[in-house]
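What the coordinates show
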Amino acid sequence: MTDQERINENLQRQIDAQNARIDNTLTKIDMMMQEIHEIRAETRDIRAEMRDMQNRFYTKVDNLDNKIDNLGNHVRNLTVMTVLGVGAIVWAIVSALK
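Residues numbered from 1 in each chain as written. Predicted model: local features only at pLDDT ≥ 70, side-chain atom pairs only at ≥ 80, totals over all residues. Heavy atoms only, no water.

**Some remarks on the overall build of the protein chain**
Threshold: Elements are defined by DSSP. Helices are runs of H or I of four residues or more, strands are runs of E of two residues or more, and each kind is numbered from the N terminus. Residue burial is assigned from relative accessible area. The probe radius is 1.4 Å, only protein chains are included, and a residue is buried under 20% of its type maximum, exposed over 50%, and partly exposed in between. What sets the accessible areas is the Shrake-Rupley method with a 1.4 Å probe; for residues, cover comes only from the shown protein chains. Charge assignment in this entry is limited to Lys and Arg as positive and Asp and Glu as negative, and neither His nor the chain termini are counted. Charge coordinates come from a single atom per side chain, which is NZ of Lys, CZ of Arg, CG of Asp or CD of Glu.
For the protein chain, the count of helices and strands is one helix and zero strands. Taking the principal axes of the C-alpha coordinates as reference, the protein chain spans close to 140 × 15 × 5 Å. Residues classed as buried in the protein chain amount to 0% of the 98 residues present. Surface accessibility of the protein chain: about 9,200 Å² in total, with carbon and sulfur atoms responsible for 61%. For the protein chain, the distance from the average position of its 13 positive side-chain charges to the average position of its 15 negative side-chain charges is 14 Å.

What follows is the structure, encoded as structure tokens:
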């Protein structure tokens, strides 16, 4: 084997090793890209879930507001009825005393 052949053989080994490293790097990049796509999909799902949760929360708050409004109406009605009842009692007492 001549010196040139040994040099060529050594260079070919280095080229093959470099190609193997490149292939390994490309494989890792492909894996990273796949992982990024999966993370994006998970992020979309999480955002959709968060929007759903937020909508459910706002619906519950709206329902609670309606219940509080209804409770206020009931309290107002009870107050009116109490005042009318007290007025009727006072009227009955005043009428009885005459």
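Here the narrative resumes, following the displayed structure.
**Overview of a nonpolar patch on the surface**
Convention followed: Note on patches: the residues involved have over 30% relative accessible area and no salt bridge, like charges join within 9 Å, and the nonpolar side chains Val, Leu, Ile, Met, Phe, Trp and Tyr join within 5 Å. The term salt bridge refers to a side-chain nitrogen of Lys or Arg lying within 4 Å of a carboxyl oxygen of Asp or Glu.
A cluster of nonpolar residues, Ile22, Leu26, Ile29, Met33 and Ile36, forms a patch on the protein surface that exposes about 410 Å² of accessible area. For Leu26, the location among the structural elements is in helix α1 (residues 3–97). You can call Leu26 partly exposed: its relative accessible area is 44%.

**Focus on the pattern of salt bridges**
One pass over the structure, following the stated rule, counts two salt bridges. Here Asp3 makes a salt bridge to Arg6, at a shortest N to O gap of 2.1 Å. Remark: Arg6 and Asp3 occur in helix α1; sequence separation between them is three residues, near one turn of the helix. A relative accessible area of 43% means that Arg6 is categorised as partly exposed. Note that Glu9 and Arg13 form a salt bridge whose closest N and O atoms lie 3.2 Å from each other. On the criterion of helical spacing, the pair formed by Glu9 and Arg13 is a turn pair, its members being four residues apart in helix α1.

**Remarks on a negative patch on the surface**
The grouping of Glu35, Glu38, Glu42, Asp45, Glu49 and Asp52 at the surface amounts to a negative patch. Positionally, Glu42 belongs in helix α1.

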